[in-house]
Every structure is written in C-alpha cells, then in structure tokens.
Amino acid sequence: MSNNGNGKDYKVIGTRPIRHDALDKVTGRANYGADIQLPGMLYGKVLRSPHAHANIKSIDTSKAEAYPGVMATATARDLPVLADKMEDIGESIVNLRDASANVLAAGKVLYHGHAVAAVCATTPHIAEEAIKLIEVEYEVLPAVTDVREAMKEDAPLLHEDLLTQSMGETAEKPSNVATHFQHKKGDIDKGFEEADIIVEREFNTATVHQGYIEPHNATALWNADGSLTLWTSTQGPFQVRNQMATVLMVPVSKVKVIPMEIGGGFGGKFPMYIQPIAAIFSKKTGRPVKMTLNRTEEFLATGPAPGSYMKCKMGATKDGRLVAAYSMLAYEAGAYPGSAVGAGAFCVFAPYNIPNALIDGYDVVVNKPHSSAYRAPGATNAGFSAETVIDEICEKLEMDPLEFRLKNGPKEGDIRADGPVFGNIGSLETTEAAMNHEHYKTPLEGKCRGRGVASGFWCNGGGQSSAVVNVVDDGTLHLIEGSADIGGTRTACAMQLAEVLGLSAEDVNPIVADTDTIGYTDGTGGSRTCFATGWAAIEAGEDVKRQMTERAAKLFEVEPKDVEYEDAVFTNMKDPDKTLPFKEVAEKTGQTGGPVVGRATVSPTGVGNAFATHIVDVEVDIDTGKVEILRYTAVQDVGKAIHPSYVEGQIQGGVVQGIGWALNEEFIYDDEGHLTNTSFLDYRMPTSLDLPMIEAVLVEVANPGHPYGVRGVGEVPIIPPPAAVANAIYSATGLRMTDLPMSPRKILEASGKA
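Residues numbered from 1 in each chain as written. Predicted model: local features only at pLDDT ≥ 70, side-chain atom pairs only at ≥ 80, totals over all residues. Heavy atoms only, no water.

> An account of the overall build of the protein chain is needed here, citing residue identities and associated values.
In terms of helices and strands, the protein chain carries 20 helices and 32 strands. Relative to the globule expectation of 27 Å for 754 residues, the C-alpha radius of gyration of the protein chain, 27 Å, shows essentially globular dimensions. Along the three orthogonal principal directions, the C-alpha set of the protein chain runs to about 85 × 75 × 50 Å. In the protein chain, which comprises 754 residues, the share counted as buried stands at 62%. Long-range contacts, defined as pairs at least 24 residues apart, comprise 78% of the intrachain contacts of the protein chain with a sequence gap of at least 6. Put simply, the protein chain shows about 28,000 Å² of open surface, and 50% of that area lies on carbon and sulfur atoms. (Helix = DSSP H or I, 4+ residues; strand = E, 2+ residues; numbered from the N terminus. Rg over C-alpha atoms; globule rule 2.2 N^0.38 Å. Buried < 20%, exposed > 50% of the residue type's maximum accessible area, 1.4 Å probe, protein only. Contact = heavy atoms within 4.5 Å. Areas by Shrake-Rupley, 256 points an atom, 1.4 Å probe, with all protein chains shown as cover.)

Quick look at the structure:
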C-alpha cells in the first residue's frame, strides 16, 4: 500500500508497473510520424533562406516544376492571407498570421533558414534536387541577433508595423520591442532603503534547442470531400487541428489530426511548421504527402528557447531577511512576437517571500527562428539570474544558503511578486529535505571542487481534458484519452482510473485517440497531463462505478443504494454474504442493460505549484576550463508520485537538460546572422558519459486541489541547474559566472587564462 501523507492508502498509486507502451517501443512496433506509409505517397522538401534578413524580390519555380518527378511547388501565394488572430497553441500564445508567415515567408525572410518555397515529388531525393532549381532574388538587409542591440532605436527593424505595447499604451514609432509589462509588489524604493546588503548583476543566456531526437514530421491527405487528415508527432493534436483550420481557412470539423508516437518534444512540438505545406501539396496532387525535417532544418527553423539579457538586484537585512528585489528581463522572441518572458516574470522571485518587488519584462524580436516553449519556458533564464544573486547575498551575510531559503521561503497565504496568492505548497519542505540529505551533510574535499545549491518554481497547468472508459466483457477497461504520451502519461492516467475501481494497472488499456474520436483535450505541456487528464480518467471511472453499481443491483435484485463497492467487489448490503466481483458484473452487462461506457470532461482549477531545491558538486579544471559534475541531488515536491519511476525520470531528464544549458548548449551566429552549429556534433548536449547518476528525492506535500494530491512534476527540474552549477563553480574557483553557457572558453576568459 502507498500513502500520500494525507492518511489515504492506495492500491495502485505509488507503485511501479511496467508502462503499457513499453513493449511496442522497445521492439520497434510503435509508429512514429516518419513510419507512415500510404499508397501513392509523395514527398515534400523545403527551400530555406540563406540570409537572416532580406526582402524577397522574386521567386521562380518553373525549373523545379519541369524537373522529372516533381508534382507540385508551393510558395506563400498558396496560403490564404490572414488577419491577426491570437491562438493558444499550448504553453504559448501566437498570432496565426505570424505562424502562417513562418510556414512560408511572405515578402520577407526574417532568419537564416526561414522557409521560402517547397517542392513535392515522387521521391525525397528528387524533391531535394528540385528545390535547388528554385530561383529566388533577395534584397539583403542588416540583421540583428542580439536582444540588446535589437532594443536600440537605430536597430534594423524586422517589422515596420510593430508598435510597442507598454503598460496599456501603444508607441507611436515602430521598434523591435513587441511588449513591455511590469509587476509591482510593495514599495521597491523603500525596500532597498531598508536593505543592509544589496547585490546587483547582469546576465546573458544563449538561445538553446530542446534537442528532441525525433525531427518534426507530417503526412497529409486532403480528401476529395474536402476533409483533411494529418498524421504528425505533436504535443497538441487539438492545437494543431485549430491552427491548420485557421491557416488553411477550412472548417475545424474538416480537420482530423492523428497523433503519432512522439520522440521527445519538451514544448517544442506544439507549433506547426511543415503541416500546412504537406496539406497544400496533398490538395494540389490528390495524393498523400509526407514531409520530415532533417537535423539541420530542426536547428535552423524550429522554435528554440529564447536567449535573454537580464538585470537582477536584490537586497537583504543583515539578519538575512529579503526586503527588496528588482528584475529586468529582455527575452528574444525570434522573428515574431511571443517569447516566454511572461512566464519568466512570474517565476523569477517565486521561491522567496519578498515584501517589495518590481519586475520589468520585454518581448523583443530578433533575426532568429521564432522562439517556442522549452520545459518551464522562460523560467530557467530568470531562475539563473535570481538564484545566482541569492548565492552572493548568502556569501556576504556568511549565511548557509539553505538556511537563508528556509528563512525567506514562501508558505501558504504568501503573495507572489506578480500577484497570485500561494495555496498549499512544499517550498519549505523541499529546502528542509535538501538540508537533511546526506549529500549536503557530506564535506566536499579536493582541489578546485565546489558545491552549489539553487531553487526553482513552476506554476503548473490545468486546462481541459476528456476521457472515455469502455468496460470490456472480461472486466478490463479501455481508457480513451486525447493527451499525447511523452513521459508515460498513458500509464499515469490508467493508474488513476484503476485506483478508482480497485483494479490493477494491467486491467486498463490506455489509448491516445485522434481529434475526431475523443473530446477536446489541451496539449501535453505545462505539467498538466497527469493532473488534468488523470482527473478526467478519475471522473470517467466514477461514472463507470455508478453504472456498474446499478448493474450489480439488478443482479442482486436490490436498489443501487443497497450496493457497496470496494476493492473491485460489489456487496449486497441487505445480505453481505452475497458479493459479485467487478469482472463477473462486466461479463453480464449484456443481460443488465447493454454496454457500460463512462465519460468525463474536466477543466480543473486546483493546480498545485511545484518547488525544487538542487545540490550539485563540481570539479573545475583550471587549465582547460572544463567543468565536471561530480554529484547531483534534486529534491522536489511532487504532491503525490503516481508512478515514482516516471517522476524520478522526469526530474533526472530535466536536470540533465538544465546542465546542458549551464555548460555547453548554445546557438552560435556569425556577424551576418548565420547559424553556424546546425548538428549534434557542433551543438553539444550532455550524454550519460558526461554525468553521474542524478539522485531524485521525492517530497510529497499533497495538492488539495486534486483527488489524489497530484502536482505536475516535469518542468521545475530544469530551472535550478544553471544557477546551482554557477554557484558551485564560484565555490570551486572564486569566479562569478553570469553568462550561459559556462563553457570552457568562458571560464578561461573569466579567469584571465584565455
């Protein structure tokens, strides 16, 4: 039995069953987007801009169209002209007019790799050769790839019609600053006057990619009846459906999205890129069309996490009480407005209760691909700035950094710097668990070795979810839901359903359905799926329980109120010796009224926030600048771990990605705005050979807003690593690193040895 800390014992929740899709995935039977094969299939390829910023003077596709095997070409002329329309595509809100212009450039290219035209042919190789025959005349314009340079008044303008929206007012002159906002709490000037110690630093973080192994893909079939079927690997099938309907100007009821297995996403597989092009080609040719990006295209033209420039100033009293904090966050949106600066603003100071705070946020366009969500979008940048300053304050106070966090950590009823009031949270509990952990208590010895800590916060998401449960005659269940499975959510939702009915996880067969088969479900992102889709499964299970109780009552020949259900057994309370197991009642549904189908749609509001505190030990080679991770412990409040192995895996994966941000990962652009490292050989991600085993410590402070205490867990673990590693590097070398990544070159430069 598993207990969640609130007195409830569970049969299924908290156990570690084998995931339902495990065998298919390890044997290769699972179908990913690139596995689709349809009769008469054609293949599409995209021609991309060699320039970071240029007007398109002309496009001539005639030579490509004449090439043997070419069936069609496409340019922006094949897409309808759209008005502004803001759409929530999962973890971000985009203007679909901009999204359409990103699919195929209309009049102007805005980054190196921007799609300009496309070719559809009988083989991928013919399509690749044919795109070389498309002739494009450009008028090259100056490019700007640095957020600070883009904010200057004389910077090259990406959009002549972009007017800054600031504090409810619209600027008169165009600029590259799309929006400016503020969050205020208390009196910031008074707070800094009360401070005995003030630390102020500036920070820069690089553009980074999610690094998923499977590239974007899409196969489209535009049928003669006007309906469009799309097979694609996506985190948000319904979001893709809605985007496609708007961009192609077809009724949403005519678009069916079949989500394939997904080989990683981390927020980067919500936007559409090639899906509309595949659909256009299918409409033109009457045949199915497949498109798959290669790795270079993934780096050039999909949505990375934004680079940023930040200022952070914090003040504390000599007894260790935070009294004031200021943050300026300027985030790269890429070619079109819509970075994650808003999320960064509400996460930057969230691990602390600060009476006086001011946060300025700027969303800035630059000549890079439009930024997208990446696991706790915006929070990793912001957390790096604040947690590094906190460490310096603790050093000046000569105060243990975890003691400082205990003294200043938020608790229920405290107000976040951007306004919301905290509910039941586990901030202090994670800090206490870190302090009491053997890792923190063990002295670190050795030359050029250091230990760092950092905390992180993510709000978590709710959203809408649907679920249907079919009771099979043998007593098993088919759970049909609409959340793409990235991290084991099939099993996590199945386990919650099984718990409701007292069955085993193996008695549930979870199925991720297409957009025609299941009710609307928000995407797999924002740490919402186990919480919200799991809740839908719970409610659908309660519906099944109610109906099956009625069926058992018929078999007992009593009223439903006289039947009790527990541990998959129905009991006749008028004659307790008479019982019926769930499976026997299932066998007889045909005799008691027909099939039993449970259903539920939910939009829960009881989302529980997530907090984490991380500890890392490093060793720095002062001659090469290389940083080795010696030991890493991640402590996180998970509410209730439905499947502890999956929770640990989410935490470990997030930490590894955060270490990549910290030490290696970055997009490198030359002076003309060309991306120069477009392969995994040159874009350096950590592997298992680079790291020790990441220890995940699960703290369970049950979320009262969920029936089983669930909190989302997938995003907060990426936030603390960059700051924790930076603080450990300082402990080892005395160097305060303020730019990400902290590569060997940057460490040598900081030490004066470069």
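> Tell me about unusual backbone geometry, residues and numbers included.
Residue Leu740 is joined to Pro741 through a cis peptide bond whose omega torsion reads 0°. As for its placement among the helices and strands, Pro741 is situated in the loop between α19 (721–733) and α20 (744–751). Positive phi is not limited to glycine here, since Arg375 has a value of about 35°. Among the secondary structure elements, Arg375 is positioned in the loop between β21 (357–365) and α11 (379–397). The exposure class of Arg375 is buried, given its relative accessible area of 7%. One non-glycine residue with positive phi stands out, namely Ser527, at about 55°. The topology assignment puts Ser527 in the loop between β25 (508–512) and α16 (529–556).

> Explain the environment of Gly264 to me, using residue names and the numbers behind them.
Tracing the sequence through the fold places Gly264 in the loop between β17 (255–259) and α8 (275–285). Linking Gly264 and Leu428, residues 164 residues apart in sequence, is a C-alpha distance of 32 Å. When neighbours within four sequence positions are excluded, Gly264 is seen to be in contact with Tyr212 and Lys269.

> Please set out the pairing of strand β9 (residues 115–121) residue by residue, giving values where relevant.
With respect to burial, β9 is a largely interior element, seven of its seven residues being buried. Taken together, the six bridges between strand β3 (residues 42–48) and β9 define a ladder with antiparallel strand orientation. Each residue of the ladder has a partner; that of Leu47, found in β9, is Ala117. Looking at chain direction, strand β5 (residues 70–74) and β9 are connected through four bridges and run antiparallel. Looking at β9, one finds that Ala72 is bridged to Cys120. (Pairing = 2+ DSSP bridges.)

> I'd like to hear about the pattern of salt bridges, residue by residue, with values.
If you walk through the whole model with that rule in mind, you get 44 salt bridges. We note a salt bridge from Asp418 to Arg416, for which the minimum N-O separation is 2.7 Å. By relative accessible area, Asp418 is classed as buried at 17%. Here Arg416 falls in the buried class, since its relative accessible area comes to 8%. (Salt bridge = Lys/Arg side-chain N within 4 Å of Asp/Glu carboxyl O.)

> Give a description of the sheet that holds β21 that names residues and reports values.
Strand order in the open sheet formed by seven strands is β12-β11-β13-β21-β20-β19-β14, with mixed pairing between adjacent strands. Strands with a single pairing partner mark the edges of an open sheet, and in this sheet they are β12 (169–174) and β14 (197–205). Averaged over neighbouring strand pairs, the angle between their axes works out to 10° when direction is ignored. Taken strand by strand, α11 contacts β14, β19 (308–316) and β20 (322–334), and its axis lies near 150° from that of β14. (Axes fitted to C-alpha atoms, helices over the stretch in contact; angles between N-to-C directions.)

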